[in-house]
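If you want the building blocks of each chain, they are given just below.
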Amino acid sequence: MVLRFDPDQSRNAFANDRSTRLGAPPVGPLRGSDDDGGKGPAGPGGKNDTATITRPKTRSKRPNLYRVLLLNDDYTPMEFVVLILQDVFNKTREDAMRIMLHVHNHGVGECGVYPYEVAETKVTRVMDAARKSQHPLQCVMEKQ
């Protein structure tokens, strides 16, 4: 496909734009359609000179989501779990307390649902913080 610059077309476009801004009717079409005899795009012969190229619509697939879960243990202090939930998962104090008590009573609790990379990062942050503080807290992720 070769694109050529047509100075007449750019002048018409400028005049069209300027007259539209001033409230006057447009000067005329940008493309030369003098040979169509006023019959529209089909012209006098009934054939359309333009071709439309259509692209197939691509739909992006939603990413798989993963649940981030905290596992209960008998050694990690409850306050540490609350701090982890606030720091890593941006939970309010009340939500963090609720999740921590759910983990304590049921053995496992959901901290959030994220795309794979985000879930993996959050699990790593929790495990690193627990290891650094010498707590056996476990955090895992599972496909939703």
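These remarks concern the structure in this document.

So, how was this worked out
- Residues numbered from 1 in each chain as written.
- Predicted model: local features only at pLDDT ≥ 70, side-chain atom pairs only at ≥ 80, totals over all residues.
- Heavy atoms only, no water.
- Helix = DSSP H or I, 4+ residues; strand = E, 2+ residues; numbered from the N terminus.
- Buried < 20%, exposed > 50% of the residue type's maximum accessible area, 1.4 Å probe, protein only.
- Contact = heavy atoms within 4.5 Å.
- Areas by Shrake-Rupley, 256 points an atom, 1.4 Å probe, with all protein chains shown as cover.
- Pairing = 2+ DSSP bridges.
- Axes fitted to C-alpha atoms, helices over the stretch in contact; angles between N-to-C directions.
- Parallel < 35°, antiparallel > 145°, perpendicular 65-115°, else oblique.
- Left-handed = near helix turned anticlockwise from the far one by under 90°.
- Phe/Tyr/Trp six-rings, centres within 6.5 Å; stacked < 30°, edge-to-face > 60°.
- Lys NZ or Arg CZ within 6 Å of the ring centre and 35° of its normal.
- Salt bridge = Lys/Arg side-chain N within 4 Å of Asp/Glu carboxyl O.

### Here's the deal with the overall build of the protein chain
Assigned secondary structure in the protein chain consists of four helices and three strands. Order of helices (α) and strands (β) in the protein chain, N terminus to C terminus: α-β-α-α-β-α-β. Buried residues in the protein chain amount to 23% of all 144 residues. If you take every contact in the protein chain between residues at least 6 apart in sequence, the share linking residues at least 24 apart comes to 61%. For the protein chain, the accessible area works out to roughly 11,300 Å², and carbon and sulfur atoms hold 53% of it.

### Here's the deal with the sheet that holds strand E3 (residues 138-143)
Taken together, three strands build an open sheet; the order of strands is E2-E1-E3 and the sheet is antiparallel. Strand pairing shows two members of the sheet lacking a second neighbour, strand E2 (108-115) and E3, which therefore form its edges. The average undirected angle you get between the axes of adjacent strands in this sheet is 25°. Where helix H4 (residues 116-132) meets the sheet, it contacts strand E1 (65-71), E2 and E3, and its direction lies at approximately 165° from that of E3.

### Re the packing of helix H2 (residues 78-89) against helix H3 (residues 93-106)
Where H2 contacts H3, the axes come no closer than 9 Å and their chain directions differ by 130°. One way to sum up the angle between H2 and H3 is to call them oblique. The way H2 lies across H3 gives a crossing that is right-handed. Touching Met 78, Glu 79, Val 81, Val 82, Leu 85 and Gln 86 of H2 are Arg 93, Ala 96, Met 97, Ile 99, Met 100 and His 104, all from H3.

### Let's talk about the packing of aromatic side chains
This structure, assessed with the given rule, holds two aromatic pairs. The ring of Tyr 114 has Lys 122 lying over it, and the distance from NZ or CZ to the ring centre is 5.1 Å.

### Brief notes about the pattern of salt bridges
All chains considered together, the criterion is met by six salt bridges. Measuring nitrogen to oxygen at the nearest pair gives 3.1 Å for the salt bridge that ties Glu 79 to Arg 93. Taken together, the positions of Glu 79 in helix H2 and Arg 93 in helix H3 put the pair 14 residues apart, joining distant regions of the chain. Its relative accessible area of 39% is what places Glu 79 among the partly exposed residues. Here Arg 125 and Asp 87 are joined by a salt bridge, their closest N and O atoms 3.7 Å apart. Taken as a pair, Arg 125 in helix H4 and Asp 87 in helix H2 lie far apart in primary sequence, 38 residues in all. Through salt bridges with shared partners, a single network forms among Arg 67, Glu 110 and Glu 142.

By themselves these figures say nothing about function.
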